[in-house]
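# Descriptive analysis of the structure
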Amino acid sequence: MLNLVGAMRRFSAANAWTVLSLMVIGCLALGWAAPAQAQDAPGQAAETLRSLLVQAQLAMSDDPAAAGEMVQTAAVLYQDALAPTLSAAAPQAAQRAAAGLAEAAEAAAASDPIHLAAARAQVWTALLDGAMSVVQEAIATGRGDQAQSWLLVREFRQATRFSRPSADAAVVVAGFAGGQIEAGAAMQAVQADLLDTYQTRLNQALDTAAVAQGQGFGARSAEAATLAEGYFALLIPALVEQRGPEQAEAATRSFAELRAAAVAGQPLDAPLAQVRAALQGFRAAPLSPTEQTRRAGQMLRFLSLVPVEYGRGVRNGQVAIDLEIREAITFADGAAAAFADLEPQLASAQPAQAADAAARFAALQRDLAAAGAGGAVADPAAVRRQANELTAILREVMPDSWQRPDSNADFDVIGAALDQMERAVAAGEYTLAESARLEAYAILESGPEAKLVAFAPQHVTPIEELFWYGQGEQPGLAFLIKHGASRSEIAATRQALDARLAAASEAIGGDSAPAVVATNAAIIVFREGLEAVVILAALMASMVGAKRIYRRPMAAGVLLALLATAVTFWLAQQVLTSFSRYGEKLEAVVSLVAIGVLLLITNWFFHQVYWKDHLANFHAQKKALLGSVGAGQLLGFVLLGFSSVYREGFETVLFLQALVLESSLWTVVEGVAIGILAVLAVGVITFKFQSRLPYKKMLVWTGVLIGAVLLMMVGNTVHAMQVVGWLPTHPIRWLTLPYWTGMWFGLYPTWEGITAQLAALVFVLGSYFLAERQRGGRRKKDARPSREKAPAAQAPPTPHALPAESPATAELAVQRALD
Amino acid sequence: MRVRTPLIAIILLTLLAACSAPAAPQPTATPPTPAADLSGIKDFLLDQAASLTASTGALKAETDRYYALAEAAGFDYPRLWQEQRSELIPVIEAARELWVQASPQYEKMEGIVAGTPSLAEFDVILDAGPSGEEDPENAAPVDLNLPDGRVLERPGNLFGVVESTLWGTFPAYSADVAADWNQDGAVEFGETLPDAAVLKAGADALDSYASQLQTAAQEWSPSTSDAFTALVVMVPTMSEYFASWRDSRFIAGEDSTQRDFVAISRLADIQDILGGLQIVYGQVRPLIDGVDAAQAAQIESGLSSLKAFVADVHQQEQGGRRYTAEEADLLGAEAQNRATAVTGQIAQVAAQLGVVIEE
């Protein structure tokens, strides 16, 4: 203890000052180091270096000395911050960068703007090349942090109407660094992203070189040509892999010649043509199978819309609606862009057909452009013929795997149609906007909705409401267009819809294996058919004895509905998208009919006095029943059978069509069979269960089931009518229900729906209690004559004896016993 | 009884199974968009909107004075010029000063307004929208009803209409009078007599929409998506702004056919826009720091250097330097390169944060 105290005392003030000084120095060092670390971050360092060289170029004409100093600073920065890593991971790129800086210094000293421009481009593309190698090596060796930091040394594609800057590589590398993604997947994503970017930049550089030469901008032309050469260096491995080393060497020579010509100020037409020919059909980052299918789906969808838009815009050989022509051009350009992405693969497999398709695309675009520019107006029939012939060629040349309907492609085209809607609103053309909105909805209905219903049902209703008449906080597009809303209001709803569509797309993304499609079909058939089968089975079970005859008209109605559904299926194959526009309204109409019939049946059912009276006079009035009053009842049961099945048949058919296109007819038939078996099983169980019940309880159960189905039908019908705008929508804000209450029970949190269902419930219960009251009154009435007779007989009443062979015998006897 | 219970159970189980979650795997839940304190963006927007409405209100008053003078002369512009030249010039100059005051006030918030989907239409109307004649599809959706009964259908953005009227760059908006302001025998650029009806209608509409923008800004609740969308949408438009600058009088001189961007160099506008975007970025930077501090720093550095780059060019221009077409082209390319780099990095971090960039 004393030693410790002594030691502390010996730790004198001088030592304390020493320690304090060291601490201060350390803090200062850290403070200087922090910015230095930020500066040393490769992304920042590369950008600073590039900027210095550009500034040198700009300063050269006025202050050559300053330009030289800037180049020198850039060289020092390179040596300090970038060279060590690049030299280790990408020595060739490092050498090119160092050589470029040396050339830049010489050019600055000589006040030579053209050579400085070329040298700048060489340095920059060498840095990009080296950085890509560093990232790949870091991924291969498991150094996620290094991969992330060096990925910042890169370029991006410019945003266009159809694309945003890609973020794929960054997201994947971040996932790799975090241990969520494997090295192989990270490597693939980085290569796809960067190669695609640099090939795009290469093409832009070639265009810039051509334009700059035409303008007489020597330095710009030299810079662009050297950039193109540098970008190509990044793509060489892919070209070697796809076309072999000889072609790669030839292309390399072509790029070198281009650069030399640009630096020398010589014409670039020939070198440019040579370079473009060398790259014809080459795609450094081949599309993944998913992307191939997506592009193919986009191409065919866009192409199908071209004659539709064009036909609407031309009348009597003249352009009547300019906006429609522009939309046709937009869709044609979209289809051509997608074709351009697929062309390399198509050309390698079937070069002649691919070339034919390319020529036809060009011809179609020329004709549309002529009409749009006020020139010759092609006949809409001719444009349709062009589109159809081109589609046929594409279907012939594309592999089958590309031709399966792709939900992602459908969502892309839906987005394009909604863009058209917004443009129409901007032009004040609300009729056109509504047409575009319906187009987008029809694509949804005939495409992804089938999968959504089965696998992501929570998105179906919100998307529907946003497309149609959602009101309150977020009015639907149909509502807004109908009321001539402003662009900003429509844009706000479009924004909400885009978010939902994006979520839905993500939810159902993935392949469509046969088992998936079959399951999809089974679920759809089961869900859509459950309601109808339960009510039909319940009613049929209650029709025993004399009432058994009513099973036939119900079955006839069901058969008619199935036949109508089959016809609808065939028709839908011909005009799928057009049918999709009317699905909601047809469902609403048929549902109203079904509810009307069911209300009558329910009321009739609960008035057992009617049945009793009917049965009591059965033999006497049988012919009269079948002749007059019975005809109405028969028609009612036929209509009930028909409407119960067909009300869901229309939309089910559309869903199944979409699935057939996605897979195959037999896969869907398998799923449908499973769904039908399942729903029939429920029907049989319902039927058997009720059949074994005592008569009165059977009637009660039947009534309960009818009532329950009636409530579901009322809820779903009100919802369908709200969707198409035939009923207003007033949400019950304090009531939150899970999505499946609507999907399965027709229970939606709106005042209209809940009120209608309550009204239906009151009707059902009212019918029951009224019937009970009437029956109770009749019992008293019947009891009075019995009591009058009683003093004489004093014996309990016995059932009337009826011929045993009468179908109504047992039932009537039981009925009287219960009474 | 023995049969009933199992049957009931089977039916109930069947119904329960039907009511349960779909047989297919549940979709992946979308992660919630991270939140940031964006109150600074709204405060900045409201400040600028208030300044703007004050300026447009004053501009409206000044143009009303000009209109009154013209009306008193029965819109006989030659007589008006002959009799009231000394009153007219100060009024026109005062109106020009107010326009020069108002324009940068809007430019400072243009990045936010144009980049926010719910406010973007105001940008088209006030500053960005072409005329129906230039681009029918994307024209500013506003007609001008003149006091004399004429209707100008989709004349273009309102700042542009008023600018071209005040400086006489569009003959249709000028009176047919040779207004030699300094009486040196030559009618030079800027020596013009605006059409009073067009000027009044344009200034009135400008003030009206500025007020509407202020109201919309008050009701606006900025979201993280809005902020990132504004950055991604507005930053890469440098090339078109530089193209405007290249084609303007500041580069092309008398050969310029552009009727706007004559009073203020587009380079000044670009700096103002970038300044507004820097404020937006400052609000979301904490989010980005949490994902990638190095990239956050690089983005901020990129925005600052881009603005500094433009400022340097503008400073030299104001110092008298006249850039050649090739230099302007190089500058435009450099600005575009820097903007693309910054935009790409912002898009990357947005993707990592799960922020939706609106289309």
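Conventions used here
- Residues numbered from 1 in each chain as written.
- Chains lettered and ligands numbered in written order.
- Predicted model: local features only at pLDDT ≥ 70, side-chain atom pairs only at ≥ 80, totals over all residues.
- Heavy atoms only, no water.
- Helix = DSSP H or I, 4+ residues; strand = E, 2+ residues; numbered from the N terminus.
- Buried < 20%, exposed > 50% of the residue type's maximum accessible area, 1.4 Å probe, protein only.
- Contact = heavy atoms within 4.5 Å.
- Areas by Shrake-Rupley, 256 points an atom, 1.4 Å probe, with all protein chains shown as cover.
- Phe/Tyr/Trp six-rings, centres within 6.5 Å; stacked < 30°, edge-to-face > 60°.
- Lys NZ or Arg CZ within 6 Å of the ring centre and 35° of its normal.
- Salt bridge = Lys/Arg side-chain N within 4 Å of Asp/Glu carboxyl O.
- Core = buried A, V, L, I, M, F, W, Y, C linked by side-chain atoms within 4.5 Å.
- Domains from an automatic or database assignment.
- Polar contact = N/O pair within 3.5 Å; in protein donor to acceptor, adjacent residues only side chain to side chain.
- pLDDT = per-residue confidence, 0-100.
- Axes fitted to C-alpha atoms, helices over the stretch in contact; angles between N-to-C directions.
- Parallel < 35°, antiparallel > 145°, perpendicular 65-115°, else oblique.
- Left-handed = near helix turned anticlockwise from the far one by under 90°.
- Nonpolar A, V, L, I, M, F, W, Y, C, P; charged D, E, K, R; others polar.
- Patch = residues over 30% accessible without salt bridge, like charges linked within 9 Å, V, L, I, M, F, W, Y side chains within 5 Å.
- Expected span 1.5 Å × (residues − 1).

## Quick word on the overall build of chain A
A count of helical and extended segments in chain A gives 34 helices and two strands. Counting only residues that meet the buried cut, chain A has 50% of its 819 residues in that class. Considering only contacts within chain A whose residues lie at least 6 apart along the sequence, 75% involve residues at least 24 apart. Summed over all atoms, the accessible surface of chain A reaches about 36300 Å², with 62% contributed by carbon and sulfur.

## As for the overall build of chain B
When you go through chain B residue by residue, the secondary structure sums to 12 helices and two strands. When the helices and strands of chain B are listed from N to C terminus, the series reads α-α-α-α-β-β-α-α-α-α-α-α-α-α. For chain B, buried positions account for 56% of its 359 residues. If you take every contact in chain B between residues at least 6 apart in sequence, the share linking residues at least 24 apart comes to 71%. When the accessible surface of chain B is summed, it comes to about 14200 Å², and 52% of that surface belongs to carbon and sulfur atoms.

## Notes on the packing of aromatic side chains
Overall, the coordinates contain 12 aromatic pairs over all chains when judged by the stated rule. Centre to centre, the rings of Phe 232 of chain A and Phe 255 of chain A are 4.5 Å apart; their planes meet at 15°, and the pair counts as stacked. Of this pair, Phe 232 of chain A sits in helix α10 (residues 218-243) while Phe 255 of chain A sits in helix α11 (residues 245-263); the two residues are 23 residues apart in sequence, bridging distant segments of the chain. Considered together, Phe 232 of chain A and Phe 255 of chain A belong to a single accessibility category, that of buried residues. Their ring planes at 55° and their centres at 5.3 Å tell us that Tyr 67 of chain B and Phe 75 of chain B sit as a pair that is tilted. Residue Tyr 67 of chain B is classed as buried on the basis of its relative accessible area, which comes to 12%. Every member of this aromatic cluster is reached through a ring pair, and the members are Trp 99, Tyr 106, Phe 159 and Trp 167 of chain B. Taking NZ or CZ as reference, Arg 50 of chain A lies 5.9 Å from the ring centre of Trp 124 of chain A, over its face. The positively charged end of Lys 200 of chain B is found above the aromatic ring belonging to Tyr 67 of chain B, 5.9 Å away from the centroid.

## Remarks on the pattern of salt bridges
Summed over all chains, the structure comprises 46 salt bridges over all chains. Of the charged contacts, one joins Asp 341 of chain A and Arg 295 of chain A as a salt bridge, the two residues approaching to 2.6 Å between their closest N and O atoms. One end of the pair, Asp 341 of chain A, is in helix α14 (residues 322-349); the other, Arg 295 of chain A, is in helix α13 (residues 289-313), with 46 residues separating them in the sequence. Across the salt bridge formed by Arg 79 of chain B and Glu 83 of chain B, the nearest N and O atoms sit 3.4 Å from each other. Separated by four residues within a single helix, Arg 79 of chain B and Glu 83 of chain B lie in helix α3 (residues 77-115), roughly one turn from each other.

## Description of the nonpolar core
Residues Tyr 66, Tyr 77, Leu 126, Leu 158, Leu 193, Phe 228 and Phe 242 of chain B are the most contacted members of the largest nonpolar core, which totals 107 residues. Top contributing element to this core by residue count: α3 of chain B, with 16 residues. Residue assignment places this core across two domains, with domain 1 (35-221) and domain 2 (223-359) of chain B each supplying three or more. Not counting residues within four places of it along the chain, the set of residues in contact with Phe 242 of chain B comprises Leu 267, Ile 270, Phe 309, Val 310, Leu 331, Gly 332 and Ala 335 of chain B. If you look at the next biggest cluster of nonpolar residues, it comprises 82 residues, including Ala 336, Leu 342, Val 453 and Ile 463 of chain A.

## Section: the side chain of Thr 568 of chain A
Residues and elements named next belong to chain A. Along the chain, Thr 568 falls in helix α24 (residues 551-574). Of the residues examined, Thr 568 reaches a relative accessible area of 5% and is grouped as buried. For Thr 568, the side chain forms a polar contact with the main-chain oxygen of Ala 564, separated by 2.7 Å.

## Some remarks on the confidence of the model for chain A
All names here are of chain A. When pLDDT is averaged along chain A, the result is 80, and 79% of the positions lie at 70 or above. Counting contacts from residues 613-629, a segment whose pLDDT is below 50, to residues more than four positions away or on other chains yields 19 contacts. Across residues 786-819, confidence stays below pLDDT 50; counting only partners more than four residues off in sequence or on other chains, it has 23 contacts.

## Comments concerning the packing of helix α8 (residues 168-177) of chain A against helix α12 (residues 325-353) of chain B
Interhelical geometry of α8 of chain A versus α12 of chain B gives an angle of 50° and a closest axis separation of 8 Å. It follows that α8 of chain A is oblique to α12 of chain B by the angle criterion. α8 of chain A and α12 of chain B meet at a crossing whose hand is right-handed. Where α8 of chain A approaches α12 of chain B, its residues Ala 170, Val 171 and Ala 174 of chain A are matched on the opposing element by Gln 348, Ala 351 and Gln 352 of chain B. For the contact of α8 of chain A with α12 of chain B, the class distribution of residues is four nonpolar, two polar and no charged.

## Quick word on the packing of α3 of chain B against helix α7 (residues 224-234) of chain B
Residues and elements named next belong to chain B. Interaxial distance between α3 and α7 falls to 8 Å at its minimum, and their mutual angle equals 110°. On the basis of their axis angle, the class for α3 and α7 is roughly perpendicular. Contacts between α3 and α7 involve Glu 110, Gly 111, Ala 114 and Gly 115 on the former and, on the latter, Asp 226, Thr 229, Ala 230 and Met 234. Here the contact of α3 with α7 is built from residues that sort into three nonpolar, three polar and two charged.

## A look at a nonpolar patch on the surface
Residue and element names in this part refer to chain A. On the surface, a cluster of nonpolar side chains totalling about 480 Å² of accessible area is made up of Leu 560, Leu 563, Val 567, Trp 570 and Leu 571. Relative to the assigned elements, Leu 560 resides in helix α24. Using a relative accessible area of 46% as the deciding quantity, one classes Leu 560 as partly exposed.

## Observations concerning α12 of chain B
All names here are of chain B. Taking 1.5 Å per residue, 29 residues should reach 42 Å; α12 reaches 42 Å between its end C-alpha atoms and fits that length. Counting buried positions along α12 yields 24 of 29 residues, so the element is predominantly enclosed. Two residues or fewer after α12 comes Gly 354, characterised by a positive phi angle close to 75°.

## Thoughts on the environment of Gln 101 of chain B
In this structure, Gln 101 of chain B sits in helix α3. Separated by 2.9 Å, the side chains of Gln 101 of chain B and Ser 55 of chain B make a polar contact.

## Points about the confidence of the model for chain B
When pLDDT is low, close inspection of the predicted coordinates is not appropriate. Overall, the prediction assigns chain B a mean pLDDT of 84, with 84% of residues at 70 or greater. Residue range residues 13-31 of chain B is modelled with pLDDT below 50. Its contacts to residues more than four positions away, or to other chains, number 23 contacts.

## Overview of unusual backbone geometry
The general pattern is negative phi for most residues beyond glycine and trans for most peptide bonds. For Ser 111 of chain A, which is not glycine, the phi dihedral falls at a positive 50°. Within the element layout of this structure, Ser 111 of chain A appears in the loop between α5 (91-109) and α6 (113-140). Located in the positive-phi region is Gln 183 of chain B, a residue other than glycine, with phi close to 50°.

## Some points on helix α3 (residues 42-59) of chain A
Side chains three or four residues apart in an α-helix point the same way, a direct result of the helix having 3.6 residues per turn. Taking 1.5 Å per residue as the helical rise, α3 of chain A with its 18 residues ought to reach 26 Å, and the 25 Å between its terminal C-alpha atoms agrees with that figure. The buried fraction of α3 of chain A is high, at 16 of 18 residues.

## Comments concerning the side chain of Thr 493 of chain A
All names here are of chain A. With respect to the helices and strands, the residue Thr 493 is situated in helix α22 (residues 487-508). Residue Thr 493 is classed as buried on the basis of its relative accessible area, which comes to 0%. Thr 493 has contacts with Leu 466, Gln 474, Pro 475, Gly 476, Leu 477 and Leu 480, leaving out every residue within four places of it along the chain.

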